[in-house]
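Results of the structural survey
Read off the chains here:
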Amino acid sequence: MVEMVVSICTFLLYFVVIAPSLIITRQATIQIEKGRKREFIILSLIAIIVPCIFSGFRGENVGVDVLGYAKPVYKMAESTGSLSEFLGLSLRYETGYRLIAYIAAHRFHSFNAQLLLTQLLINTPIYCGAILLRKRFQPWIIMLSFYCLFFVETFNIMRQGIGVAFAFLAFSFMIEKKCKTSAVFAVIGYFFHTTMIIGCGLLVFVYLFKKIKRKSIRVLCVFTLTIAVPVVMRFWKPALVLLAEKGLVPSQYVRYFITDQVQYFRELGTKNYFELAIRWIGVAIPLIFGNRLLKNKEDIRYTLFLAVLLGSLIYTSVFIFLHSSYGYRISFYLEILYILWLPSIYRKPNRKSGRFRVPLSNIVLFSSLILCFFVGYMMLGLHRTLPFYFQLY
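Figured I'd write up the structure that's included with this text.

Quick word on the overall build of the protein chain
A tally of regular secondary structure across the protein chain gives 18 helices and zero strands. Across the 393 residues of the protein chain, 54% fall into the buried class. Of the contacts formed within the protein chain by residues at least 6 apart in sequence, a portion of 76% connects residues at least 24 apart. Accessible surface, the protein chain: about 18,200 Å² in total, of which carbon and sulfur atoms supply 66%.

Below, the structure is given as structure tokens:
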């Protein structure tokens, strides 16, 4: 009973932060549509910064990696005399993340600043991608999907969270046929997490998938990618170690792909099975409520469906064959597109005949997102983000 009360109170705390941000996002979208850029910028800054401040002042135990690497990197940055000295240290952390730590330590003298800046570099690309795609999807619903599915997750997965956010922005530009801008943001994301190479490769694959004419080849490609990840993680340890020693692949890949170095990901429990189930439910909902027929390969929903399907297949294959949840390190780059795939079933409420009718697809969308958020983060405490508390460093 006490745990349920705590969960509800924590949920209300998140609601107080997220709901105003969504309302402001909707107003910002209206302003940009009217050509009022100044009002749009002001409202957008407020919509982005409020959740980031909330994240920046969280306790050090809210998210495994806060103490796992975020705070240690901050302490190392604090102890160095110059940026060049800090960047010259032999660390396994990417240049972009080190730069955040150095700025927080030497300009703001606060670990809260590092957490805030990190969240800012996650939320801002997601928001920009949502606004860029406003002709296709409602930006506030994209942001709602992000807050319900991934916002709390990024309290733990910080460096890769930045990489995934920039991958999402790059993909958004790719959808809008702006490939040069897309490449720029992909490169920026690489400086925060080296798995961007793999992530962007997968996103380019799903984007170009519609150009493959033969169905048998399409099926073979999906099957091969699905099986490739667990095979690499299981059998390629000597090859990866050798390639890393030669500098041909980033040293981080040894850890990401070799599961015996991350044993705690093999301790599967209720939380992990919930995450597995929610992935497939997320794939199915738009198929049932609105996107049943995906025969038109030029429809962006076809690409989004392939992305979330392939991401779920990769995660599931690692889950089953290696008894590990570590497949999300790769599938995350595809699964971020749930924040587009799910909103694709949103329909404007019907106000005809003086009655306000909410489409069933909208009810399913909103209830599914809120239920996922409450059960996953408020009750099960995914990514060890419970109990939530504030801390001033």
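A few points about the nonpolar core
Ranked by internal contacts, the top residues of the largest apolar core, which has 117 residues, are Y14, F146, F151, F171, I336, L337 and L340. The leading source of residues in this core is helix α15 (residues 300-321), at 12 residues. What L340 contacts, discounting residues up to four positions off in sequence, is L133, F137, I142, F168, I175 and L304.

Here's the deal with the pattern of salt bridges
For the structure shown, the criterion picks out seven salt bridges. Here E33 ties to R134 by a salt bridge, and the two come within 2.7 Å at their closest N and O atoms. Placement of E33 in helix α1 (residues 2-33) and of R134 in the loop between α6 (111-132) and α7 (139-151) is noted, with a sequence separation of 101 residues between them.

A short note on the packing of helix α10 (residues 196-208) against helix α16 (residues 328-335)
Two elements in contact, α10 and α16, have axes separated by 9 Å at closest approach and are oriented at 45°. Taken together, the axis directions place α10 and α16 in an arrangement best described as oblique. Here α10 runs over α16; the crossing is right-handed. Facing M196, I198, G199, L202, L203 and V206 of α10, the residues of α16 in contact are I330, Y333 and L334. Residues belonging to the contact of α10 with α16 are distributed by class as follows: eight nonpolar, one polar and no charged.

Regarding a nonpolar patch on the surface
There is a patch of nonpolar side chains on the surface, built from M4, I8, L12 and M379 and spanning about 340 Å² of accessible area. The greatest single-element share of the nonpolar patch, amounting to three residues, is contributed by α1. Within the secondary structure layout, L12 lies in helix α1.

Brief notes about α16
Of all eight residues in α16, eight are buried, a share of seventy percent or more. For α16, the set of buried residues is Y328, R329, I330, S331, F332, Y333, L334 and E335.

Regarding the environment of P20
Mapped onto the secondary structure, P20 falls in helix α1. In this structure P20 comes out as partly exposed when scored by relative accessible area, which is 36%.

Section: the packing of aromatic side chains
Scanning all chains against the criterion turns up 33 aromatic pairs. Look at F11 and F373: their rings are 6.0 Å apart centre to centre, the planes differ by 55°, and that puts the pair in the tilted class. With F11 in helix α1 and F373 in helix α18 (residues 360-379), the pair connects residues that are 362 residues apart, well separated along the chain. Using a relative accessible area of 21% as the deciding quantity, one classes F11 as partly exposed. The class of F373 is buried, set by a relative accessible area of 4%. With centroids separated by 6.3 Å and ring planes inclined at 20°, the aromatic side chains of F166 and F185 adopt a geometry described as stacked. Linking F166 in helix α8 (residues 159-175) with F185 in helix α9 (residues 179-190), this pair joins segments that are 19 residues apart in sequence.

Examining the packing of helix α3 (residues 64-79) against helix α5 (residues 95-108)
At a minimum axis distance of 8 Å, the contact between α3 and α5 shows a crossing angle of 60°. Taken together, the axes of α3 and α5 lie oblique to each other. Here α3 runs over α5; the crossing is right-handed. Of the residues in α5, those in contact with Y69, A70, V73, Y74, A77 and E78 of α3 are Y97, A101, Y102, A104, A105 and H106. Of the residues contributing to the contact of α3 with α5, the split by class is 10 nonpolar, one polar and one charged.

Focus: the environment of F54
The residue F54 is located in helix α2 (residues 37-56) in this model. In the structure, F54 is positioned 36 residues away from I18 in sequence and 9.7 Å away in space, judged by C-alpha atoms. Contacts of F54, omitting those with residues within four sequence positions, involve L13, Y14, V17, F151, F155, F388 and F390.

Definitions and cut-offs
Residues numbered from 1 in each chain as written. Predicted model: local features only at pLDDT ≥ 70, side-chain atom pairs only at ≥ 80, totals over all residues. Heavy atoms only, no water. Helix = DSSP H or I, 4+ residues; strand = E, 2+ residues; numbered from the N terminus. Buried < 20%, exposed > 50% of the residue type's maximum accessible area, 1.4 Å probe, protein only. Contact = heavy atoms within 4.5 Å. Areas by Shrake-Rupley, 256 points an atom, 1.4 Å probe, with all protein chains shown as cover. Core = buried A, V, L, I, M, F, W, Y, C linked by side-chain atoms within 4.5 Å. Salt bridge = Lys/Arg side-chain N within 4 Å of Asp/Glu carboxyl O. Axes fitted to C-alpha atoms, helices over the stretch in contact; angles between N-to-C directions. Parallel < 35°, antiparallel > 145°, perpendicular 65-115°, else oblique. Left-handed = near helix turned anticlockwise from the far one by under 90°. Nonpolar A, V, L, I, M, F, W, Y, C, P; charged D, E, K, R; others polar. Patch = residues over 30% accessible without salt bridge, like charges linked within 9 Å, V, L, I, M, F, W, Y side chains within 5 Å. Phe/Tyr/Trp six-rings, centres within 6.5 Å; stacked < 30°, edge-to-face > 60°.

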